[in-house]
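Chain by chain, the residues run as shown.
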2 protein chains.
Amino acid sequence: MSRYDTPTLLRQLPLFSALSEEEIQRVSAATAQLRVSSGARLFSRGDPCNGFHVVIKGRVKLLLETSDGAEKVMEICGPGQSFGEAVMFLQKPYFFAAEALEASLLLHIGRGAVMNEIDNNPEFARQMLAALSKRLHQLVCDLEAFTLRDGTQRVAAYLLQERGEGERSGSFEIRLPVSKGVLASKLNITREHFSRILNELSNAGLVHVQGPVIRVLDAVKLRQHVGVG
Amino acid sequence: MSRYDTPTLLRQLPLFSALSEEEIQRVSAATAQLRVSSGARLFSRGDPCNGFHVVIKGRVKLLLETSDGAEKVMEICGPGQSFGEAVMFLQKPYFFAAEALEASLLLHIGRGAVMNEIDNNPEFARQMLAALSKRLHQLVCDLEAFTLRDGTQRVAAYLLQERGEGERSGSFEIRLPVSKGVLASKLNITREHFSRILNELSNAGLVHVQGPVIRVLDAVKLRQHVGVG
């Protein structure tokens, strides 16, 4: 990966769109660029949190881990997505871990600079509030899916949400952005269960699977089949 | 319930502790007191959201509902707790429903007034950010419990967290604040499964159950039995 200028990267992120040039320069001074290789761990549960991360290139998984070694993928963050804001505001240690799924470039933005701009720029405060609220909404959707939907409904909902905006019907193709194991964990099913569901949907003539490429043959029929909006 | 003065109620809430007397008066002008009877619905999924709620007295359940009528208790909010901030900041319709579990007194604080104070008072913006972050943390804990812990572990974790702060060992008694059905839904188990778990813990000599009163006989043994922190 070539080198990037930190202010340029910050200016491109919607979260920082309310900042003036002077403010961008101040935040930039508290921002570190992190280049990590595939599989690298960014932090573990219990590590101190001194800021938050934004993914510029690549992909990072956020992991929940129990003391007996069980783990679950909580979130997969791609370019433009941020994580760790809530932990930073709580001033607590991390309660999840983060690992790069591929070679990635991230920004780490220091807590002090963020708090300083919140105090100086109400519009930036609003944007941080909106970002946290969006994240909260997504978590509630996940909670809802895990508790009120079965595995097949969760897989179908994932496929349907991955299609292009506006395409409510017809056929479309998606390429899974991460391995089936990681995606299965995110959807809270086993790798085997995930494969079984894809087989069932394939036998029902709803999808066609070729490696990481999945073609949904009829979005309307898939929605009807599993009863998800 | 007797009448309360809105500014007095607002002044007692930690969320508004950073506001000056003038600011309290402004927020108060945009605040409505709601007295609701047991079972009353505050709002449904899809209703417009023009502010957020704080519970002053009583208890409110937040519900996730699917189109086919399945529902799950997402949260039980008691005195001092607020809900709906994230929906308010997102400027979306409610994605959950709220129903009073008992006769309750609530405040509804209008969006305009909140946004106004965020623009005027960075400390208030920080407190809203901290409140949202705390809520996000709780949701992640729920997600972790549902996906990585079994029903018995979830019940034990609930009992252990209900004891007084600092009591890490010994025996203690709690009175369930809501019906076993509501609590079971919150813990994502059926009412029957919840009773079965209490029976098992009782047979193992770890708890003593008498109606809504549960005595944990030895907190350390209970923790060890289920393997939760």
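In this text, all values refer to a predicted model and were calculated from it rather than measured experimentally.

A few points about the interface of chain B and chain A
Consideration 1: Taken residue by residue, the interface counts 37 residues in chain B and 37 residues in chain A.
Consideration 2: Here chain B and chain A share an interface that buries about 3700 Å² over both sides, 76% of which is from carbon and sulfur atoms.
Consideration 3: Linking chain B with chain A are 4 salt bridges.
Consideration 4: With a shortest N-O distance of 2.9 Å, Glu144 of chain A and Arg45 of chain B are connected by a salt bridge.
Consideration 5: On inspection of chain B and its partner chain A, the count reaches 4 residue pairs in polar contact (both at pLDDT 80 or more).

Observations regarding the sheet that holds strand S3 (residues 51–57) of chain B
All names here are of chain B.
Consideration 1: Taken in spatial order, the 4 strands of this open sheet run S1-S8-S3-S6, and their pairing is antiparallel. With partners counted over all chains shown, the strands left at the sheet margins are strand S1 (31–36) and strand S6 (82–83), one partner each.
Consideration 2: Of the pairings in the sheet, the one linking S3 to strand S8 (residues 104–110) comprises 6 bridges and is antiparallel in character. Following the sheet pairing, Phe52 is matched in S8 by Ile109.
Consideration 3: With respect to the sheet, helix H4 (residues 111–120) is in contact with S3 and S8, its orientation differing from that of S8 by roughly 60 degrees.

Details of the domain arrangement of chain A
All names here are of chain A.
Consideration 1: Per the domain assignment, the segments making up chain A are domain 1 (6–139) and domain 2 (149–226).
Consideration 2: Taking the mean C-alpha position of each, domain 1 and domain 2 sit 29 Å from one another.
Consideration 3: Taken together, the contacts link 8 residues of domain 1 with 6 residues of domain 2.
Consideration 4: For the pairing of domain 1 and domain 2, the buried interface totals around 630 Å² over both sides, and the portion due to carbon and sulfur atoms is 65%.
Consideration 5: The largest share of the area that domain 1 buries against domain 2 comes from Lys72, Val73 and Ile76, three residues that together contribute 60% of it.
Consideration 6: At the junction of domain 1 with domain 2, the criterion picks out 0 salt bridges.

Let's talk about the relation of the copies chain B and chain A
Consideration 1: For the match of chain B to chain A, the screw axis carries a shift of 0.0 Å, the RMSD comes to 0.0 Å, and the turn is 180 degrees. In the structure described here, the two chain copies are related by an operation that fits a two-fold rotation axis.
Consideration 2: In this assembly the copies share their binding face: 100% of the residues contributing to the interface of chain B also contribute to that of chain A.

Quick word on the pattern of salt bridges
All names here are of chain B.
Consideration 1: For the coordinates displayed, the defined rule picks out 24 salt bridges over all chains.
Consideration 2: Across the pair Glu117 and Arg26 runs a salt bridge, and its minimum N-O distance is 2.8 Å. Taken together, the residues Glu117 in helix H4 and Arg26 in helix H2 (residues 21–29) connect sequence positions 91 residues apart.
Consideration 3: Looking at Arg26, the relative accessible area reads 31%, which means it is partly exposed.

Observations regarding the sheet that holds strand S11 (residues 213–216) of chain A
All names here are of chain A.
Consideration 1: Spatial strand order, S9-S11-S10: 3 strands in an open sheet with antiparallel pairing. Two strands in the sheet have a free side with no partner beyond their single neighbour: strand S9 (172–175) and strand S10 (207–210). Strand-to-strand, the axes of this sheet are offset by a mean angle of 15 degrees, without reference to chain direction.
Consideration 2: Here S9 pairs with S11 via 4 bridges, running antiparallel. Each bridged residue has a counterpart across the sheet, and for Glu173 the counterpart in S11 is Arg215.
Consideration 3: Against the sheet, helix H6 (residues 151–162) engages S9, S10 and S11, with an angle of about 100 degrees to S9.

Here's the deal with the pairing of S11 of chain A
As a general feature of sheets, a regular strand has side chains that alternate between the two faces.
Residue and element names in this part refer to chain A.
Consideration 1: As paired strands, S10 and S11 are joined by 4 bridges and run antiparallel to one another. Each residue of the ladder has a partner; that of Val207, found in S11, is Val216.
Consideration 2: Two successive antiparallel strands, S10 and S11, enclose a turn made up of 2 residues, where Gly211 displays a positive phi of approximately 60 degrees.

Some thoughts on the environment of Ser104 of chain A
Residue and element names in this part refer to chain A.
Consideration 1: Its location among the elements puts Ser104 in strand S8 (residues 104–110).
Consideration 2: Each C-alpha atom, one on Ser104 and one on Gly78, is 9.4 Å from the other, the two residues being 26 residues apart in sequence.
Consideration 3: A polar contact is formed between the side chain of Ser104 and the backbone nitrogen of Arg59, at a distance of 3.1 Å.
Consideration 4: A distance of 2.7 Å separates a polar side-chain atom of Ser104 from the backbone oxygen of Glu102.

A look at helix H9 (residues 219–226) of chain B
Note: α-helices contain 3.6 residues per turn, so residues at a spacing of three or four share the same orientation.
Residue and element names in this part refer to chain B.
Consideration 1: For H9, every residue scored as buried is listed here: Ala219, Leu222, Arg223 and Val226. Around the axis of H9, the buried residues are gathered within 100 degrees of arc, so they sit on the same side. Residues of H9 that are exposed and point over 90 degrees away from its buried face: Lys221 and Gln224.
Consideration 2: In this structure, the buried residues of H9 make contact with helix H6 (151–162), strand S9 (172–175), helix H8 (191–203) and strand S11 (213–216).
Consideration 3: Its side-chain oxygen 3.0 Å from the backbone nitrogen of Val220, Asp218 forms the N-cap of H9.
Consideration 4: Once H9 ends, the next one or two residues include Gly227, with phi positive near 70 degrees.

Overview of the nonpolar core
Consideration 1: One finds Phe16 and Ile118 of chain A together with Phe16 and Ile118 of chain B to be the most contacted residues of the largest nonpolar core, which totals 98 residues.
Consideration 2: Non-local contacts of Ile118 of chain A, meaning those with residues more than four positions away in its chain, are made with Phe89, Phe124, Ala125 and Met128 of chain A together with Pro122, Ala125, Arg126 and Leu129 of chain B.

Observations regarding the side chain of Ser133 of chain B
Consideration 1: Along the polypeptide, Ser133 of chain B turns up in helix H5 (residues 122–148).
Consideration 2: Beyond its immediate stretch of four places on either side in the chain, Ser133 of chain B contacts Ala86, Phe89, Leu90 and Leu132 of chain A.

The rules we used
Residues numbered from 1 in each chain as written. Chains lettered and ligands numbered in written order. Predicted model: local features only at pLDDT ≥ 70, side-chain atom pairs only at ≥ 80, totals over all residues. Heavy atoms only, no water. Contact = heavy atoms within 4.5 Å. Buried area = accessible area lost by both parts, 1.4 Å probe. Salt bridge = Lys/Arg side-chain N within 4 Å of Asp/Glu carboxyl O. Polar contact = N/O pair within 3.5 Å; in protein donor to acceptor, adjacent residues only side chain to side chain. Pairing = 2+ DSSP bridges. Helix = DSSP H or I, 4+ residues; strand = E, 2+ residues; numbered from the N terminus. Axes fitted to C-alpha atoms, helices over the stretch in contact; angles between N-to-C directions. Domains from an automatic or database assignment. Least-squares fit on C-alpha atoms with pLDDT ≥ 70 in both. Buried < 20%, exposed > 50% of the residue type's maximum accessible area, 1.4 Å probe, protein only. Arc of directions from axis to C-beta. Core = buried A, V, L, I, M, F, W, Y, C linked by side-chain atoms within 4.5 Å.

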